[in-house]
Amino acid sequence: TDILSASSLTKVYGEGPLAVRALNDVSLAFPRGRFAAILGPSGAGKSAFLHIAGGLDAPTSGSVTVADLKLPFADEEALARIRSEHIGFVFPGENLLPHQTARQNIELPMRLRGEKLDEGWYSSVVRTMGVAGAMDELPARLPRAMQQRVAVARAILGRPAIILADDPAHSLDARASLEIVELLRLCVREFGQTVLMSTQDLAEAALAERVILFSDGGVAGEISDPTPVSIL
Ligand code: ADP
Ligand code: ADP
């Protein structure tokens, strides 16, 4: 069954002659427990899609269902609750709280929800994401690649219905980029997570089980089980 489905999403920014159609009637569904990537050039609408799918932005028209809940775009409070309970977001960069340690950042979503940490699950996430050595550091003292690992650990800790990762390897070098994507793949393989990632990079996208090609605000094609390409 689908954990996320988007139906006829259109997003127009601005009005009149300056209006930009970031998404044009996009419908996509994502089954549970799979790793999908959206691949496309800058400006193709990848971020717009992920933001709307994650309830961070409202579409101009169309609807989104996450874990059988239709996102209530007009009700910010209800939307925020669904986001915090069901959606894990990884942003392109610098989205950790600067004055909180890595550990505090990772635990934050659970604390906001008033949930108790399951120690076994917690240490398993920390170990699998490779962030154990970073836990007591402030984000600025960590390499960018480690900051993104912390961001992935934060996204998965609450076991969301889906992890949406918007260009998670943005501005990392090639090796660190693939390592971050491998980490997302681990979330799917080891923990049964569902992950949807966007990227402009073919080598990153090829690590997913399904690649959706975005062009000019629409879906231009799709590839299943791509052959990973080695660039290192
Ligand atoms: P990406 O790396 O995904 O292409 P961008 O750098 O284009 O992201 O955009 C970064 C942020 O700026 C996003 O939150 C996006 O919504 C916003 N943004 C992008 N293009 C414009 C624009 N033309 N006018 C205003 N905001 C924009
Ligand atoms: P991608 O993530 O594929 O780079 P985006 O979803 O960021 O693409 O952007 C799609 C289009 O929408 C681009 O033309 C971008 O400039 C525009 N856009 C994105 N955010 C905004 C915004 N806040 N205001 C105006 N235009 C925007």
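Numbering of residues starts from 1 in each chain and follows the order in which that chain's sequence is written. Throughout, the order in which chains and ligands are written sets their labels, letters from A for the former and numbers from 1 for the latter. Per-residue local features are limited, in this predicted model, to residues with pLDDT of at least 70; the limit for side-chain atom pairs, both in listing and counting, is 80 or more; totals at the level of whole chains, interfaces and linings are taken over all residues. Hydrogens and water molecules were not included; the side-chain quantities draw on all heavy atoms of the structure.

- As annotated in an unreviewed UniProt entry, the protein chain is Peptide ABC transporter ATP-binding protein from Peptidiphaga gingivicola.

## Some details on the overall build of the protein chain
Phase 1: For the protein chain, the helix and strand inventory stands at seven helices and 10 strands.
Phase 2: A radius of gyration in this sense is built from C-alpha atoms; the matching globule rule multiplies 2.2 Å by the number of residues raised to 0.38. In summary, the protein chain has a C-alpha radius of gyration of 17 Å against a globular reference of 17 Å for 232 residues, a match within 12%.
Phase 3: Expressed along its principal axes, the backbone C-alpha trace of the protein chain runs to roughly 50 × 45 × 35 Å.
Phase 4: Working definition: with a 1.4 Å probe on protein chains only, accessible area under 20% of the residue-type maximum means buried, over 50% means exposed, and in between means partly exposed. Going through the 232 residues of the protein chain one by one, you find that 47% of them count as buried.
Phase 5: Should any heavy atoms of two residues lie within 4.5 Å, those residues are counted as being in contact. Sequence-distant contacts, at least 24 apart, represent 68% of the contacts inside the protein chain between residues at least 6 apart.
Phase 6: The charged-residue count follows a simple rule in which Lys and Arg add positive charge and Asp and Glu add negative charge, with His and chain termini not counted at all. Charge positions are represented by NZ for Lys, CZ for Arg, CG for Asp and CD for Glu. Each charge class in the protein chain can be summarised by its mean position, and for the 22 positive and 28 negative side chains these summaries are 3 Å apart. Only DSSP runs of H or I with at least four residues qualify as helices, and only runs of E with at least two residues qualify as strands; both kinds are numbered from the N terminus onward.

## A few points about the nonpolar core
A general trend in soluble globular proteins is that nonpolar side chains are found buried together.
Phase 1: Phe35, Ile106, Met129, Val131, Ile163 and Leu184 are the most contacted members of the largest nonpolar core, which totals 43 residues.
Phase 2: Of all the secondary structure elements, the ones that give two or more residues to this core are strand E3 (35–39), helix H3 (102–112), helix H4 (119–128), helix H5 (144–157), strand E7 (162–166), helix H6 (174–191), strand E8 (195–199) and helix H7 (202–205).
Phase 3: If you tally residues by element for this core, the top one is H6, at eight residues.
Phase 4: Other than its neighbours up to four places away in sequence, Met129 contacts Arg149, Val152, Ala153, Leu183, Cys187 and Phe191. Here the nonpolar core consists of buried residues drawn from Ala, Val, Leu, Ile, Met, Phe, Trp, Tyr and Cys, with membership extended through side-chain atoms lying within 4.5 Å.

## Description of helix H2 (residues 76–86)
Phase 1: Of the positions making up H2, those classed as buried are Ala78, Leu79 and Ile82. Buried residues of H2, seen end-on, are gathered within an arc of 100° and therefore sit on one face of the element.
Phase 2: Buried residues along H2 sit in contact with strand E5 (69–70) and strand E6 (87–90). What the arc describes is the spread of directions from the helix axis to the C-beta atoms.

## Regarding the site of ligand 2
Phase 1: Only a single heavy atom is needed: when it lies within 4 Å of a molecule or strand, its residue is near that molecule or strand. Lining the immediate environment of ligand 2, one finds Tyr13, Val20, Ala22, Pro41, Ser42, Gly43, Ala44, Gly45, Lys46, Ser47 and Ala48.
Phase 2: Within the backbone of Ala44, one N or O atom sits 3.1 Å away from an oxygen atom of ligand 2.
Phase 3: Its free accessible area being 560 Å², ligand 2 has 59% of it covered by the protein chains.
Phase 4: Contributing elements (two or more residues each) for the shell around ligand 2: strand E2 (20–31) and helix H1 (46–53).
Phase 5: In terms of residue count, H1 provides more of the shell around ligand 2 than any other element does, three residues in total.
Phase 6: Classifying every residue of the shell around ligand 2 gives six nonpolar, four polar and one charged. Here a polar contact is recorded for every N or O atom pair within 3.5 Å, except that within protein the pair must consist of a potential hydrogen donor and a potential acceptor, and residues adjacent in sequence are included only if both atoms are side-chain atoms. Note on areas: Shrake-Rupley with a 1.4 Å probe; residue coverage comes only from the protein chains shown. Side-chain classes follow a simple rule in which Ala, Val, Leu, Ile, Met, Phe, Trp, Tyr, Cys and Pro form the nonpolar group, Asp, Glu, Lys and Arg form the charged group, and the remainder, Gly included, forms the polar group.

## Re the pairing of E6
Phase 1: Of the two faces of E6, the one lined by Ile87 and Phe89 and the one lined by Gly88 and Val90 are each fully buried.
Phase 2: The rule for pairing is simple: two strands pair if DSSP sees at least two bridges between them. Relative to E7, E6 runs parallel, the two sharing four bridges. Its bridge partner being in E7, Val90 is matched across the sheet by Ala165.

## Regarding the sheet that holds E6
Phase 1: Reading across the sheet, the six strands line up as E6-E7-E8-E3-E9-E10 and stay open at both edges, with mixed pairing between neighbours. Strands at the two margins of the open sheet, each flanked by one partner only, are E6 and strand E10 (218–224). Sheet twist, expressed as the average angle between the axes of neighbouring strands with direction ignored, equals 20°.
Phase 2: The sheet contact formed by E3 and E8 spans five bridges and is parallel. Residue pairing across strands places Ala37 opposite Met197, the latter belonging to E8. Geometry is summarised by axes, namely lines fitted to C-alpha atoms with helices restricted to the contacting stretch, and by angles between N-to-C directions that run from 0 to 180 degrees.

## Quick word on the pattern of salt bridges
Phase 1: We define a salt bridge as a contact between a side-chain nitrogen of Lys or Arg and a carboxyl oxygen of Asp or Glu at a distance within 4 Å. Following the criterion strictly, the structure yields 10 salt bridges and no others.
Phase 2: Of the charged contacts in the structure, one is a salt bridge between Arg103 and Asp136, with a shortest N-O distance of 3.2 Å. Of this pair, Arg103 sits in helix H3 while Asp136 sits in the loop between H4 and H5, and the two are 33 residues apart along the sequence.
Phase 3: The exposure class assigned to Arg103 is partly exposed, which follows from its relative accessible area of 30%.
Phase 4: With relative accessibility at 60%, the residue Asp136 sits in the exposed group.

## Description of unusual backbone geometry
Phase 1: In the Ramachandran plot, Arg159 falls in the positive-phi region, its phi being about 45° despite a non-glycine side chain.
Phase 2: Relative to the helices and strands, Arg159 resides in the loop between H5 and E7.
Phase 3: Classification of Arg159 by relative accessible area gives partly exposed; the value is 48%.
Phase 4: Of note, Asp225 is a non-glycine position whose phi angle comes to about 40°, a positive value.
Phase 5: On the secondary structure map, Asp225 appears in the segment after E10.
Phase 6: Judged by its relative accessible area of 58%, Asp225 falls in the exposed class.

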